[in-house]
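Coordinate inspection notes
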There are 2 protein chains.
Amino acid sequence: MSDELIIQSHKGSYAVNFNESLLDDVTELFENTPHFLIDANVARLYKIELASVINHPKVIVIEATEENKSIERVIPVIARLVANKARRGDTLVAIGGGIIQDITCFIASTLLRGMAWRFVPTTLLAQADSCIGSKSSINLGATKNILGTFNPPEKIHLCSKFLDTLDQKDIYSGVGEILKVHAIAGKETFDLLAATYDQLFTDRAVLRRYIGSALRIKQKYIELDEFDRGIRNIFNYGHSFGHAIESATNFGVPHGIAVAMGMDMANAIASGRGLTSIETYQRMHGVLKKNYASYASANIQTDALMTALMKDKKNTATQLVLILPIGNDAEIQRVEVVADEQFGDQCEVFLKALNK
Amino acid sequence: MSDELIIQSHKGSYAVNFNESLLDDVTELFENTPHFLIDANVARLYKIELASVINHPKVIVIEATEENKSIERVIPVIARLVANKARRGDTLVAIGGGIIQDITCFIASTLLRGMAWRFVPTTLLAQADSCIGSKSSINLGATKNILGTFNPPEKIHLCSKFLDTLDQKDIYSGVGEILKVHAIAGKETFDLLAATYDQLFTDRAVLRRYIGSALRIKQKYIELDEFDRGIRNIFNYGHSFGHAIESATNFGVPHGIAVAMGMDMANAIASGRGLTSIETYQRMHGVLKKNYASYASANIQTDALMTALMKDKKNTATQLVLILPIGNDAEIQRVEVVADEQFGDQCEVFLKALNK
């Protein structure tokens, strides 16, 4: 099976190529003078299938840690590429998850005034969400994601067989973002997914179908608003709370799981403030809770969460910009909410009820 | 006087605003929440005229050294902008020459996935050449200009009064690039400039006219080939040799003066190899030599120059990509030249004759 999804971007169109036999034959990754940037863990797990990549003279193996996503750690990677004589016409090939994607995309934006790059996403988060949309995010010291660019890859080679070696928590994390994207697509789309939820973990064909579905939903928005100046904002649904949860737990909760928890929290607050019906919260709660259940006892302190929330670039001390379900149809929208006492109380109630 | 030149770019059009009263009234620099990045020397020289900039809470003063143009030194500048709470809608305002331009343009490309930036060029090199064309270049360790982006400013505020405080050598350096641009425009354009050459140094109105003329000539090429994939290459005329001269003298020769010397060398080699007539070399030699005369005794070693030339990204051990005057009309073209013994001899003859 090999079919394609074609995405339009400011740099022309690029394809997501669904290729389930990629691990049997990786020759297509060697087009156009490649320099490989590969996740150390992927290199260990697929040392046989990816032997020709790993033994290539121009391969750079990177541990996919948050620290390595900083500009300070990216510099030696660039120095390696320069030492390996990277030229303007060469191609950077990222093999890994979001961190390897961010590093490669950022380097491709800035080395030699721009190089082509391709991507083999190996995590569910990267396959179902981050691989399309052009964004890179790089840390500077302790400031997360402050640097970045919009720079789509030339091509994405998507093979779901990489998911075989993922931890369960990383599958849940990816499913968290899949849930988010389908919530954006509307009530019916979300409910259909919710009804199929358990099969995502047991039936690869179902999971593959939802990877494709998530990408097609996201495609519509990134093609309309690639530079994230308007409608694309709603993809931050669950993220203001999600990032605050990650921060308050010192990144103890995987990203997509924190997003699922964040969506549940956003729904609780929206319905608590009368912005959506209580039914919206209840309708979605079951599946969201299932997705973050193993982290429900993470013991998130309200104070730590509120502090993290206030650090969000979009928020001020009195005004919060949130993405919430609005109205009976639970349409996902960007709204401004007053950071009043009631808001703090609502957050506390949600957090206290978490592991009940 | 305030007129404008409108440049088309991949990010829309931007204006070069010629404003000779900028130093009397700088309010226009404060539009759109500015963060200033200003050359320390300019801040010292114009502490009265630019007092409101220098005393602004969001000003960063930078010594315009080659070292400060490295990614390692750019990081703390970004950290300062983050500490000063730079937001996506704010504007970076560069005040200085090419180094401040490079630093600001690069940061504007990568901070918060892109910010607007404006430019007040204060050197002749920046006013007559680098201010338009979108390029930024940043060093990585000892590797010069390996990082960079294409990112045009939102606006250029050009005031020739800044030239009052330039060293003579920096005027000569800027004139070197003006000579190059006019050579590209053709024999007659170059000869007209050559006939007016002395007035560039004595009559500000004439110099201003040629700044405008240089920008209009360059405009045509950068609009056709902003990303430097084809015709824009010819703006490297004098630069392969010029960069090698800078490198062989440990940057003892100012950039535009090395370019003038490099053009003379390119002409000598092109005529020596029969690619253009001896008259081309002779016709241009007088004014080029005048422009680099005070560095003619720089004592450039042939070996050092050849080594530097071979390091040029475009060249291999056997093949050189050069920009040379071709034919009787001395049309500036990109050509490949075999790096044979004759070539080495020609370089040596040129260098030996330099200070005769």
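Criteria and thresholds
- Each chain carries its own residue numbering, running from 1 in the direction its sequence is written.
- For this description, chains carry letters from A and ligands carry numbers from 1, given in the order in which they are written.
- Restriction of local features to residues with pLDDT of at least 70 applies here, the model being predicted, together with a cutoff of 80 or more for giving and counting side-chain atom pairs; totals for whole chains, interfaces and linings are based on all residues.
- For the side-chain quantities, the full set of heavy atoms in the structure was used; hydrogens and water were omitted.
- UniProt positions are given in the numbering used here, feature names are shortened, and annotations may be inferred rather than shown by experiment.
- The secondary structure listing takes helices from DSSP runs of H or I that are at least 4 residues long and strands from runs of E that are at least 2 residues long, numbered from the N terminus.
- Two joining distances apply to patches: 9 Å for like charges and 5 Å for nonpolar side chains (Val, Leu, Ile, Met, Phe, Trp, Tyr), and every residue must have over 30% relative accessible area and no salt bridge.
- Only the protein chains shown count as covering a residue, and every accessible area follows the Shrake-Rupley method with a 1.4 Å probe.
- We count a salt bridge whenever a side-chain nitrogen from Lys or Arg sits within 4 Å of a carboxyl oxygen from Asp or Glu.
- In summary, the charge assignment counts Lys and Arg as positive and Asp and Glu as negative, without counting His or the chain termini.
- Where a charge sits is defined by one atom per residue type, namely NZ (Lys), CZ (Arg), CG (Asp) or CD (Glu).
- When accessible area is computed with a 1.4 Å probe and restricted to protein chains, residues below 20% of their type maximum are described as buried, those above 50% as exposed, and intermediate ones as partly exposed.
- Contact definition: two residues touch when any of their heavy atoms are within 4.5 Å.
- Pairs of N or O atoms within 3.5 Å make up the polar contacts considered here, provided that, within protein, one atom can donate a hydrogen while the other can accept it, and that residues adjacent in sequence are counted only when both atoms are side-chain atoms.
- What counts as buried area is the accessible surface, traced by a 1.4 Å probe, that two parts surrender upon association, with contributions from both included.
- Note on terminology: pairs of cysteine sulfur atoms within 2.5 Å are recorded as disulfides.
- Side-chain rings of Phe, Tyr and Trp, where Trp is taken by its six-membered ring, are said to pair if the distance between their centres is within 6.5 Å; with planes under 30 degrees apart they count as stacked, over 60 as edge-to-face, and otherwise as tilted.
- We call a charge positioned above a ring when the Lys NZ or Arg CZ atom is no farther than 6 Å from the ring centre and deviates by at most 35 degrees from the ring normal.
- In a helix, the anticipated span is given by 1.5 Å times the number of residues less one.

Turning next to the UniProt feature "domain: 3-dehydroquinate synthase C-terminal" (unreviewed entry) in chain A. UniProt feature "domain: 3-dehydroquinate synthase C-terminal" (unreviewed entry): in the numbering of this structure it lies at residues 174-315 of chain A. Span residues 174-315 of chain A is 68% helix and 0% strand, its end C-alpha atoms 27 Å apart.

Judged by side-chain charge, Lys85(A), Arg87(A), Arg88(A) and Lys313(B) come together as a positively charged surface patch. Inspection of the secondary structure puts Lys85(A) in the loop between helix H3 (71-83) and strand S5 (91-96).

Residues and elements named next belong to chain A. Residue position: Arg204 is located in helix H8 (residues 204-224). Judged by relative accessible area, Arg204 falls into the partly exposed class, the value being 29%. Placed 41 residues apart in sequence, Arg204 and Leu163 show a C-alpha to C-alpha distance of 9.3 Å. In contact with Arg204, not counting residues within four places along its chain, are Ser160, Lys161, Leu163 and Asp164. From its side chain, Arg204 meets the backbone oxygen of Ser160 in a polar contact 3.1 Å long.

As a further point, take the interface of chain A and chain B. In many reports, interface size means the accessible area that the parts give up when they come together. The interface of chain A with chain B comprises 26 residues on the first partner and 26 residues on the second. The contact between chain A and chain B buries some 2200 Å² in all, and 66% of this surface belongs to carbon and sulfur atoms. On the chain A side of the interface with chain B, the three residues burying the most area are Ile75(A), Arg113(A) and Ile146(A), jointly 29% of the side's total. On the surface where chain A and chain B come into contact, there are zero salt bridges. Along the contact surface separating chain A from chain B lie eight residue pairs in polar contact (both at pLDDT 80 or more).

Another point: the state of the cysteines. All names here are of chain A. Per the counting criterion, the structure on display carries zero disulfides over all chains. Left without a disulfide partner, Cys131 is nearest to the cysteine sulfur of Cys105, which lies 12 Å away. Given the relative accessible area of 1%, Cys131 is considered buried.

The subject of this paragraph is the pattern of salt bridges. Residues and elements named next belong to chain A. Under the defined criterion, the tally for this structure stands at 31 salt bridges over all chains. Residue Glu154 pairs with Arg118 through a salt bridge whose shortest N-O separation is 3.3 Å. Placement of Glu154 in the loop between strand S8 (143-150) and strand S9 (155-158) and of Arg118 in strand S6 (residues 116-121) is noted, with a sequence separation of 36 residues between them. Assessed through its relative accessible area of 38%, Glu154 is described here as partly exposed. Classification of Arg118 by relative accessible area gives buried; the value is 1%. Among the salt bridges present, the one from Asp191 reaches Arg283, with a minimum N-O distance of 2.9 Å. In this pair, Asp191 sits in helix H7 (residues 187-196) while Arg283 sits in helix H11 (residues 278-292), placing the two residues 92 residues apart along the sequence. A relative accessible area of 25% means that Arg283 is categorised as partly exposed.

So, on to the packing of aromatic side chains. According to the stated counting rule, one finds 16 aromatic pairs over all chains in the structure shown. With 5.1 Å between their ring centres and 90 degrees between their planes, Phe150(B) and Phe227(B) make a pair best called edge-to-face. Here Phe150(B) is found in strand S8 (residues 143-150), whereas its partner Phe227(B) is found in the loop between helix H8 (204-224) and helix H9 (239-248), with 77 residues between them in sequence. Phe227(B) gets classed as partly exposed once you look at its relative accessible area, which sits at 29%. Through a chain of ring-to-ring contacts, three or more aromatic side chains come together here, namely Tyr172(A), Tyr197(A) and Phe201(A). Just above the ring of Phe150(B) sits the side chain of Arg113(A); from NZ or CZ to the centre is 5.7 Å.

Residue and element names in this part refer to chain B. Between its first and last C-alpha, helix H10 (residues 255-272) extends 25 Å over 18 residues, near the 26 Å set by a 1.5 Å rise per residue. Of all 18 residues in H10, 15 are buried, a share of seventy percent or more. Backbone geometry just downstream of H10 places Gly274 in the positive-phi region, at approximately 75 degrees.

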